[in-house]
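Per-entry structural report
As a plain string of letters, each chain reads:
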Amino acid sequence: MTVGRDAQPPSLGAEPARPVPAQAQAKPRRSAVRRARRVFRPRRSIAAGMVAGALAVAGILVAVQAISAAFGNPVWRTPGLTGTLQNTRWNDPAALTAAAAVALIGLVLLLAGLLPGRPHAIPLASGEDSVVIGVTRPGLRRALALAAQHVDGVTRARVRLRPRGVVVRATTRLRDPAGLDESVHAAVQDRLNELDPLSPMRIKVRIRRRTD
């Protein structure tokens, strides 16, 4: 037998390749999910803009009042309010209520900035550690609904996304829709496999029969 120049004799002591544990395979995917969530995390721009605008207006009004009062001609003269504030104690119900309301508003704004909201896009597997891709929620709904509508016997399909699942509502005119739910499930699953979302999504199919 002739052995080619690039061929190598088999190693007598070679061990068969060991399968990679499932936990080791899941680690890169979990890190990709965390990275994608940071990228697609909403920036809370509306809430931040409202708070910044309110603080800017309040700061301008206080500055105008302070400067005008320093020159002896304050813009707003509120002797009644000033007297009320001077005579109000910190343990009065009105003061405690106002302080509680301000603290509650501050807590809500703090939680809005710290807690992650719903991502703008659903992260998909890219195959590259430095590349983060995703699909919008309306785009994913349209893609899955189109896949369900291509199934024979389905006249209309609507998709609803849940935190970890997909609900497909398909309409048919077939007299006997037996097995149609399995066909729709398979079509939607194939489309999900093509998109390859980083987080697994369960599929629920509900068939509705129309007689008109």
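Quantities reported herein were computed from a predicted structural model and do not represent experimental measurements.

1. A few points about helix 6 (residues 180-195)
Spanning 16 residues, helix 6 covers 23 Å between terminal C-alpha atoms, matching the ideal 22 Å at 1.5 Å per step. Taken as a whole, helix 6 has its buried residues at Leu180, Val184, Ala187, Val188, Leu192 and Leu195. Angular distribution of buried residues about the axis of helix 6 spans 135°; they occupy a single face of the element. Turned more than 90 degrees away from the buried face of helix 6 sit Glu182 and Glu194, all of them exposed. Considering only its buried residues, helix 6 is in contact with strand 1 (121-124), helix 5 (137-149), strand 3 (154-162), strand 4 (165-172) and strand 5 (202-209). Aspartate 196, located one to two residues past helix 6, shows a positive phi value of around 60°.

2. Topic: the sheet that holds strand 5
Strand order in this open sheet of three strands is 3-4-5, and the pairing throughout is mixed. Taken across any chain shown, the strands that pair with only one partner, and hence form the sheet edges, are strand 3 and strand 5. Across this sheet, the average inter-strand angle for adjacent strands is 20°, counted without regard to direction. As paired strands, strand 3 and strand 4 are joined by eight bridges and run antiparallel to one another. Looking across to strand 4, one finds that alanine 157 is bridged to alanine 170.

3. So, the nonpolar core
By size, the foremost hydrophobic cluster in this structure holds 23 residues, and its most contacted members are Leu140, Val168 and Val184. Among the secondary structure elements, those contributing two or more residues to this core are strand 1, helix 5, strand 3, strand 4 and helix 6. When residues in this core are grouped by element, the largest group, six residues, is from helix 6. Setting aside residues no more than four positions away along its own chain, valine 168 makes contact with Ala148, Arg158, Val159, Val184, Val188, Ile203, Lys204, Val205 and Arg206.

Rules of the game
Residues numbered from 1 in each chain as written. Predicted model: local features only at pLDDT ≥ 70, side-chain atom pairs only at ≥ 80, totals over all residues. Heavy atoms only, no water. Helix = DSSP H or I, 4+ residues; strand = E, 2+ residues; numbered from the N terminus. Expected span 1.5 Å × (residues − 1). Buried < 20%, exposed > 50% of the residue type's maximum accessible area, 1.4 Å probe, protein only. Arc of directions from axis to C-beta. Contact = heavy atoms within 4.5 Å. Pairing = 2+ DSSP bridges. Axes fitted to C-alpha atoms, helices over the stretch in contact; angles between N-to-C directions. Core = buried A, V, L, I, M, F, W, Y, C linked by side-chain atoms within 4.5 Å.

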